[in-house]
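Residue-level structure breakdown
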Amino acid sequence: MSSASDPRTSSSSIPHRCLARAVADALVADRRIEAVDIDRGGRRISVATLGQEDAQAVESRLKGVLADAEASTETRGGEEPCGLLAGHPNCDCCGSASSLSGSGLNIACEADRLTISRPTCPTARGFWKWRDIPWPRIEPREVELPDEEHSPDEWKWQLAAAALCGLFGIGGWALGERSLAHAMHVAAYVAGAWFVVEEVWERLRERVLDVHFLMLAVAAGSAAIGQWNEGVVLLFLFSLSGALEHYALGRTQREIRALFRAAPKEAVVLDPDLGETTVAVEALRPGQRLLIRPGSQFPVDAELARGRTAADESNLTGEATPVEKTVGDSLLAGTINLWGSVEATVLRPAQESALQKIVKLIREAQHMKAPSQRLTDRFGSRYTYGILLLTLVMFLVWWQGFGLPALASTEAVSSAFYRAMTLLVVASPCALVLSIPSAVLAAIAWGARRGILFRGGAAVENLAETGVVALDKTGTLTTGELRVAGVESFPPGREEEVAQLAFALERLSDHPLARAITLHGKHAGWKPFEVEQFESVTGLGLRAVHEGKTVLLGRREWLAEMLAEDPGTTSVGSVLRGGDGMDSVHSEVWVSCGELLGRVVLEDEIREQSAGVVRDLRQLGLRTLVLTGDRAEAAQGLQRALELDEVRSGLKPEQKVRAVVELGEQGHKVAMVGDGVNDAPSLAAAHVGVAMGARGSDAAMEQADIVLMHDRLENFLAAFRLSQRARRVIRQNLVISLGTVVVLVGFALFGAVPLTIGVLGHEGSTVVVVMNSLRLILGRWKDE
């Protein structure tokens, strides 16, 4: 079957699916999946991913393609979906095991067990995470839409409740001892405690006591002893600080919603006869062909198959200039087709689009706590119980030990209960609880507005600690927009054959060099040669068999080493041992097949901003280090051009990891910046991993702690300075919150603080902490 020979063929386009082909297509189409192990006899599926993957999305992806295979089995009368599962070398629906090898995957069959994995280095396998998923049942998929734990406008209602509390409280105070004053105080209590009671009830159902419970207890105690005004002041300030806290969260959520435009709900699908069918976006499957008209949005991530246009990608990449699109180019969901009517092939379902990845990253960040916040959370509950115990003990000491009145205060002396309530208020850790998350959320919101996505509070804090910045070369310091500059063959005259061999192998890889050659081949309309026994030799190149001859593609040194072992390739070996003459912006890929030898020359450009970024990093006291698999000559040229502190060239992925680990062992905290699959292990090993761009590989984005969505290297500087500011704000908040508690508790133990002053000091520090954090969003900074 022709479809079996093309690993990019959609699962929905094959009428009778075998299980092996279904899984192979899923791995080729979804770079997040590293390996799948299927035990059909035990009806068990295990999947390996690299890094922090969305288990639900991966499960949905696999269950979808496997459900197709199961459904296809039913249409064929329940026969075994794949002869490979029974240990046969051939099966009716996919041909042979060797036909699947053209997909570049490793395939192992054993009785009822099938294992398909992606070729990778041993280092990367160490980062794989295996998980079991249920055997699939056919069920509809839904697009993941941004759900809100709290309404972004909830702070307005809380602010209104606080205002009502204050107004009723002022009315009750002004009425003095009149009968209506009691009703005004009750109304103030209801307004001030409205949202607090809801949160306390939720926590009590979880058997948790926190600062909200303490505040209600103090307010109730104040009312019990007739101190209504103090209770109103407490509830007013507490509800006001709660409104400000939710305002900070709402700012972050608005930044998330700003990433969206009115996403299309339907798409036009073209059938083989070019008939048009309108279907829901969530029903789209990889491989389907779409028609996108001018002015409409691209409904899912797709590849341009026919026509030309330009896309407005500003909502994803921040780049206002329209991006030209021709056959083979990627189209991102949510971006706008400006002028051409084009046809495109779906690459992945709607819920796995680049836009959804961004939303998922920000949502993860909101729930991943900073190290200092985890520290305060660790003793938060114990602190609450400790304060309750201390308050009870001091009540007994003041009452029994010092002979103070138990409940009723006099003009000369405050009661033991009044003093206990004051102590409970000033010792409550409201400001401390908000000091770190408010700053972290504000930093995440500031970054999201500028295309800097922090994957949690740890990244916000840790980036400022780094002393070494390790950078990849291609796609990081250079633009990564490689293009084929020329093709040479030895002997001359066979340049097209060299190019087609390179295209046949590189289309099965995802390295930046491979993407450039693949795109060039698609634009030229080349038909790839059929290859067998495809193998990726990590960090060195690719190997396959074409018409009985071994085809090698990769570095000059690797080909020279491999061909030196073959006595029949002496002539081409001498060419490889010569100099290359490449500079820092040109790269080369060598290809050999029998007596044919050639190279594809590609050119890249150093980013305009790279020199300025390296200079600013040096001024900030950071050491710059480039870790690249490129040639020594290219790396040294880059070092001279950018005045880098150090470069290490010719590195395999495991050697990059080793370099990062060694620096860590020497006491250096490393921030690793990269964009490719080969960078993912290094990003995971670094103190802080930073991935470049919305077009970066899934593996790199999943391993990264920070993602620079605008694909601008200078945003790393903005992220670093933001981290420094956030750490300063967190330290200021901790000093304010802890200092206020220490001072007020000291005075309260000696009975020197009235309840009203205690409430003002306690809630005032909370308001100051929240407002100080909001400076990260609303303030202007000299280094912006």
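Placed above this text is the structure.
Description of the structure in this document.

Reading the values: the criteria
- Residues numbered from 1 in each chain as written.
- Predicted model: local features only at pLDDT ≥ 70, side-chain atom pairs only at ≥ 80, totals over all residues.
- Heavy atoms only, no water.
- Salt bridge = Lys/Arg side-chain N within 4 Å of Asp/Glu carboxyl O.
- Helix = DSSP H or I, 4+ residues; strand = E, 2+ residues; numbered from the N terminus.
- Buried < 20%, exposed > 50% of the residue type's maximum accessible area, 1.4 Å probe, protein only.
- Phe/Tyr/Trp six-rings, centres within 6.5 Å; stacked < 30°, edge-to-face > 60°.
- Core = buried A, V, L, I, M, F, W, Y, C linked by side-chain atoms within 4.5 Å.
- Patch = residues over 30% accessible without salt bridge, like charges linked within 9 Å, V, L, I, M, F, W, Y side chains within 5 Å.
- Areas by Shrake-Rupley, 256 points an atom, 1.4 Å probe, with all protein chains shown as cover.
- Axes fitted to C-alpha atoms, helices over the stretch in contact; angles between N-to-C directions.
- Parallel < 35°, antiparallel > 145°, perpendicular 65-115°, else oblique.
- Contact = heavy atoms within 4.5 Å.
- Expected span 1.5 Å × (residues − 1).
- Pairing = 2+ DSSP bridges.

Focus on the pattern of salt bridges
Taken as a whole, this structure holds 15 salt bridges when the rule is applied. Among the salt bridges present, the one from Glu343 reaches Arg289, with a minimum N-O distance of 2.8 Å. With Glu343 in strand E16 (residues 342–346) and Arg289 in strand E10 (residues 289–292), the pair connects residues that are 54 residues apart, well separated along the chain. On the basis of relative accessible area, Glu343 is assigned to the buried category, the value being 11%. Note on Arg289: relative accessible area 30%, which makes it partly exposed. A salt bridge links Glu646 to Arg648; its shortest N-O distance comes to 2.9 Å. Since its relative accessible area comes to 25%, Arg648 is described here as partly exposed.

A word on the packing of aromatic side chains
For the structure on display, the rule yields 4 aromatic pairs. Ring geometry for Phe395 versus Phe417: centroids 6.4 Å apart, planes at 90°, classification edge-to-face. Within this pair, whereas Phe395 is found in helix H12 (residues 371–401), its partner Phe417 is found in helix H13 (residues 416–427), the two being separated by 22 residues in sequence. Residue Phe395 shares its accessibility class with Phe417, and that shared class is buried. An aromatic cluster is defined as three or more aromatic residues linked by ring pairs; in this entry it consists of Phe395, Trp399 and Phe417.

Concerning the nonpolar core
Ranked by internal contacts, the top residues of the largest apolar core, which has 47 residues, are Phe454, Ile706 and Phe716. It is helix H14 (residues 430–449) that provides the largest number of residues to this core, a total of 9 residues. Counting residues in each nonpolar core, the second largest holds 40 residues, with Cys165, Trp398, Val425 and Ala748 among its members.

As for a nonpolar patch on the surface
A contiguous nonpolar patch, built from Leu389, Leu392, Val393, Leu396, Val397, Trp399 and Phe402 and spanning about 650 Å² of accessible area, is present on the exposed surface. Relative to the helices and strands, Trp399 resides in helix H12.

Notes on the packing of H13 against helix H27 (residues 755–778)
Viewed as axis vectors pointing N to C, H13 and H27 meet at an angle of 5°, and their least axial separation amounts to 9 Å. Judged by the inter-axis angle, H13 sits roughly parallel to H27. Listed contacts from H27 to Tyr418, Met421, Thr422, Val425 and Val426 of H13 are Leu755, Thr756, Gly758, Val759 and His762.

Observations concerning helix H6 (residues 154–175)
Given 3.6 residues per helical turn, the α-helix brings residues three or four places apart onto the same face. Counted at 1.5 Å a residue, the expected span for H6 with its 22 residues is 32 Å, and the 32 Å between its end C-alpha atoms agrees. Considered for burial, the residues of H6 that qualify are Glu154, Trp155, Gln158, Ala161, Ala162, Cys165, Gly166, Gly169, Gly171 and Gly172. Directly beyond the C-terminal end of H6, a positive phi value near 65° is found at Gly176.

Remarks on unusual backbone geometry
Geometrically, the link from Phe490 to Pro491 is a cis peptide bond, its omega value of 5° lying close to zero. Topologically, Pro491 is positioned in the loop between strand E19 (483–490) and helix H17 (495–506). In this model, Glu547 sits at a positive phi of 50°, which is unusual for a non-glycine residue. By the element assignment, Glu547 lies in the loop between strand E21 (541–546) and strand E22 (549–554).

Quick word on the side chain of Thr478
In this structure, Thr478 sits in the loop between helix H16 (473–477) and E19. A relative accessible area of 1% means that Thr478 is categorised as buried. Ignoring any residue separated from it by four or fewer positions in sequence, one finds Thr478 in contact with Lys473, Asp604, Glu605, Ile606 and Arg607.

Here we look at the sheet that holds strand E23 (residues 586–593)
The sheet built from 6 strands is open, its strands ordered E19-E24-E23-E22-E21-E20 with antiparallel pairing. The sheet is open, and its two borders are formed by E19 and strand E20 (532–537), each paired with just one other strand. Strand-to-strand twist of the sheet, defined as the mean angle between neighbouring strand axes without regard to direction, takes the value 15°.

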